[in-house]
Amino acid sequence: MRVEYDASADMAYIYLVDTIGPGEAVRQVPAEDNTAILDYDSDGRLLGIELFSARRRLHPHLLGTAERIDREPGPPSA
């Protein structure tokens, strides 16, 4: 499992598989309470979860270890 977090949007993506290739997630199902979108493959297997309002819904430790995707890239190494 791997978690990406975008603090500026307060959204997280929880990967339940190592990677999701282009076109692999063929069905997106909103959660009943509209707090998340579940991504499924063509065999009906859950690949990942896009979570809204992640700061409220995930444990702070998990957010602290998540891969941040909202940061500007640093300067190139010399």
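A.B. asks: Explain the pattern of salt bridges to me, please; I cannot follow it from the model alone.
C.D. replies: Any two side chains of opposite charge can pair if their charged atoms end up close together. According to the stated counting rule, one finds 6 salt bridges in the structure shown. In this structure, the salt-bridge partner of Arg55 is Asp10, at a minimum N-O distance of 3.8 Å. Linking Arg55 in helix α1 (residues 54-57) with Asp10 in the loop between β1 (2-6) and β2 (11-15), this pair joins segments that are 45 residues apart in sequence. By relative accessible area, which is 15% here, Asp10 ends up buried. For Asp70, the salt bridge goes to Arg68, with nearest N and O atoms at 2.9 Å. Using a relative accessible area of 24% as the deciding quantity, one classes Asp70 as partly exposed. One network of salt bridges, with partners in common, ties together Arg2, Glu4 and Glu67.

Definitions and limits used
- Residues numbered from 1 in each chain as written.
- Predicted model: local features only at pLDDT ≥ 70, side-chain atom pairs only at ≥ 80, totals over all residues.
- Heavy atoms only, no water.
- Salt bridge = Lys/Arg side-chain N within 4 Å of Asp/Glu carboxyl O.
- Helix = DSSP H or I, 4+ residues; strand = E, 2+ residues; numbered from the N terminus.
- Buried < 20%, exposed > 50% of the residue type's maximum accessible area, 1.4 Å probe, protein only.

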